[in-house]
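These are the residues of each chain, in order.
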Amino acid sequence: MSWQFDRAAYERRMDWYVRARFGLFLHWGLYAIPARGEWVRSVERIPKEDYDPLMAEFDPKACDIRQWMSAAKAAGMKYAVLTAKHHDGFCLFDSAYTDFKSTNSPAHRDFVREFLDAAREAGLRAGLYFSLIDWRHPDYPHYGDRHHPMRDDPAYSNEGRDFDRYLDYLHAQVRELCTNYGRLDLLWFDFSYDGLRGEAWRATELVEMVRSLQPDVIIDNRLEVSGEGFGSLAACRPTSFHGDFVSPEQIVPPYGLRDAEGRPLIWESCVTMNGHWGYCANDRYYKPASLLIRKLVECVSKGGNLLLNVGPDATGRFPEESLAILGEIGRWMEKNGESIYNCGPAGLDKPEYGRFTRNGDRLYVHIFENTIGPLPLSGVDRDRIRSVRRLADGSEVPLSTSWVHSDYPDLAFADLGPDPVLPDLVDTVLEVRLKAVSE
Ligand code: GLC
């Protein structure tokens, strides 16, 4: 029987994910030792024989993945995704198909298993990033490829390379991950480019195998595209290997995302804290927590998730800056998480002072900057307002009866009190409970 897209089954599968809204991306591997980002082999055109010896150094004694997970949980994150294998081909799991793996390093540890165990113990959903690209595998295109470290060197011609044999290897490792580690909530493939997309990866066969072993797993769209492009579900022509979500990278889509027939699409912005996914010692340009909190609100207000990245260093520690940012986000989430989880677009125009998110009859007013005088609840039907509370402390926020807005009788205004300085300068959240239309 030919494959048919089952929208109801799809929406059931996606339910936890769209409610979770906020996750942790973890990029970690040998590249943490050079500490110049996960593309260091490609950018610096490092030959295999110069990169392989890093495995003999890889012994992150300080790595305590339970600590990683407790930091993620305290930050209000509901799921986490770890790089099981990145483009360099180094496996953080005990693959039977290669010796280039963490269990062969001085660490002798299967970090994928430790990660999945720790995530589940912390009550987080857990997924694995798996690179479709493998610069170390002899059958992966070298010379003339767009990204391979040896792409400019004719000595690395592709004579004799058997891409199908590489795909057998890729599929076998995905099977290992889907078979040997219990339930996976997410598979984050990365990434398609040029002619290497869709069936070039034998994607139908791959996803059939994945879904036979992990029927409820959520799969990203990068068997079809990369951070550029949307995929077949967005085009309303879903393939059997369609991405379950669109994966915009280092951007929050300007207007949210809809498919070709106007249905809201499920999407997740993946964002680094500094400018690199993998640990980069010299990149101290970290985004302030205040910005990341507002970007999380923006994602949710547009119907998306935020997957925020940490690149642990070669000792297995989170960078101090990342821990500080996660801590600040957590303090805000602890008081305001209700305005993020289970929320989505409010169906109202964005207010000038911030954003709206919504969960059924609860409208959340995110105030990034104060107004002069009472705050207009733009677009909210004042007859449907049951109550207004400050989310962080539950305190009542009265509707204003001031003369200053008597020229706008149809608009409801919230009276935030005499203090012109907002209680939370990053985002003060009001919860507006709405009466049902029938009431
Ligand atoms: C891009 C980068 C890759 C990173 C991914 C995260 O594909 O090439 O290094 O893992 O984005 O989204």
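Residues numbered from 1 in each chain as written. Predicted model: local features only at pLDDT ≥ 70, side-chain atom pairs only at ≥ 80, totals over all residues. Heavy atoms only, no water.

Draft legend 1. Geometry of the overall build of the protein. When you go through the protein residue by residue, the secondary structure sums to 9 helices and 13 strands. Against the globule reference of 22 Å for 439 residues, the protein gives a C-alpha radius of gyration of 24 Å, in line with a compact fold. Overall size of the protein, expressed as C-alpha extent along the three principal axes, is 80 × 50 × 40 Å. Evaluated residue by residue, the protein yields a buried proportion of 56% over its 439 residues. A separation threshold of at least 6 residues defines the contact pool for the protein, and within that pool the share at least 24 residues apart is 71%. (Helix = DSSP H or I, 4+ residues; strand = E, 2+ residues; numbered from the N terminus. Rg over C-alpha atoms; globule rule 2.2 N^0.38 Å. Buried < 20%, exposed > 50% of the residue type's maximum accessible area, 1.4 Å probe, protein only. Contact = heavy atoms within 4.5 Å.)

Draft legend 2. Region of the structure containing the sheet that holds strand 7 (residues 304-310). Pairing in this open sheet of 7 strands is parallel, and the strands run 5-4-3-2-1-7-6 from one edge to the other. Both edges of this open sheet fall to strand 5 (218-219) and strand 6 (267-272), since each of them pairs with a single strand only. Of the pairings in the sheet, the one linking strand 6 to strand 7 comprises 6 bridges and is parallel in character. Paired with Val 271 across the strands is Leu 308, a residue of strand 7. Lying on the sheet, helix 6 (residues 163-180) is in contact with strand 2 (79-85), strand 3 (125-131) and strand 4 (186-190); it crosses strand 3 at an angle near 170°. (Pairing = 2+ DSSP bridges. Axes fitted to C-alpha atoms, helices over the stretch in contact; angles between N-to-C directions.)

Draft legend 3. Quick look at the domain arrangement of the protein. Assigned domains within the protein: domain 1 (7-337) and domain 2 (354-434). Between domain 1 and domain 2, the C-alpha centre-to-centre distance is 39 Å. Counting residues at the interface gives 11 residues for domain 1, matched by 12 residues for domain 2. Together domain 1 and domain 2 conceal approximately 1000 Å² of surface at their shared face, both sides included; 62% is due to carbon and sulfur atoms. Along the contact surface separating domain 1 from domain 2 lie 1 salt bridge. (Domains from an automatic or database assignment. Buried area = accessible area lost by both parts, 1.4 Å probe. Salt bridge = Lys/Arg side-chain N within 4 Å of Asp/Glu carboxyl O.)

Draft legend 4. Quick peek at the site of the ligand. The ligand sits among 14 residues. The nearest are His 27, Glu 38, Trp 39, His 86 and Asp 190. The side chain of Trp 39 places a nitrogen or oxygen atom 2.8 Å from an oxygen atom of the ligand. Take Tyr 129: an N or O atom from its side chain is 3.3 Å from an oxygen atom of the ligand. Burial of the ligand by the surrounding chains reaches 94%, relative to a free accessible area of 310 Å². Looking at the shell around the ligand, its residues break down into 7 nonpolar, 3 polar and 4 charged. (Near = heavy atom within 4 Å. Polar contact = N/O pair within 3.5 Å; in protein donor to acceptor, adjacent residues only side chain to side chain. Areas by Shrake-Rupley, 256 points an atom, 1.4 Å probe, with all protein chains shown as cover. Nonpolar A, V, L, I, M, F, W, Y, C, P; charged D, E, K, R; others polar.)

Draft legend 5. Highlighting the sheet that holds strand 13 (residues 428-434). Read across the sheet, 4 strands follow the order 8-9-13-11 without closing on themselves; strand pairing throughout is antiparallel. On the outer flanks of this sheet lie strand 8 (354-359) and strand 11 (385-390), each paired with one strand and no other. Recorded for the sheet is a direction-independent mean angle of 20° between the axes of neighbouring strands. Sheet strands in contact with helix 8 (residues 289-301) are strand 8 and strand 9 (362-367), and its direction is about 50° off that of strand 8.

Draft legend 6. Geometry of helix 8. Counted at 1.5 Å a residue, the expected span for helix 8 with its 13 residues is 18 Å, and the 18 Å between its end C-alpha atoms agrees. For helix 8, the full list of buried residues reads Ala 289, Leu 292, Ile 293, Leu 296, Val 297, Glu 298, Cys 299, Val 300 and Ser 301. Of the surrounding elements, those touching the buried residues of helix 8 are strand 1 (22-26), strand 6, strand 7, helix 9 (320-336), strand 8 and strand 9. Count one or two residues on from helix 8 and you reach Gly 303, which has phi positive near 85°. (Expected span 1.5 Å × (residues − 1).)

Draft legend 7. Highlighting the layout of surface pockets. In this structure, the largest pocket encloses a volume near 660 Å³. Contributing elements (two or more residues each) for the lining of the largest pocket: helix 1 (7-20) and strand 8. A total of 4 residues in the lining of the largest pocket trace back to one element, the largest contributor, which is helix 1. Taken together, the residues of the lining of the largest pocket break down into 12 nonpolar, 6 polar and 9 charged. (1 Å grid on protein atoms, 1.4 Å probe; cavity = no way out; pocket = protein on both sides within 12 Å on 5 of 7 lines; lining within 4 Å. Points joined across faces, edges and corners; volume = space filled by probe spheres on them.)

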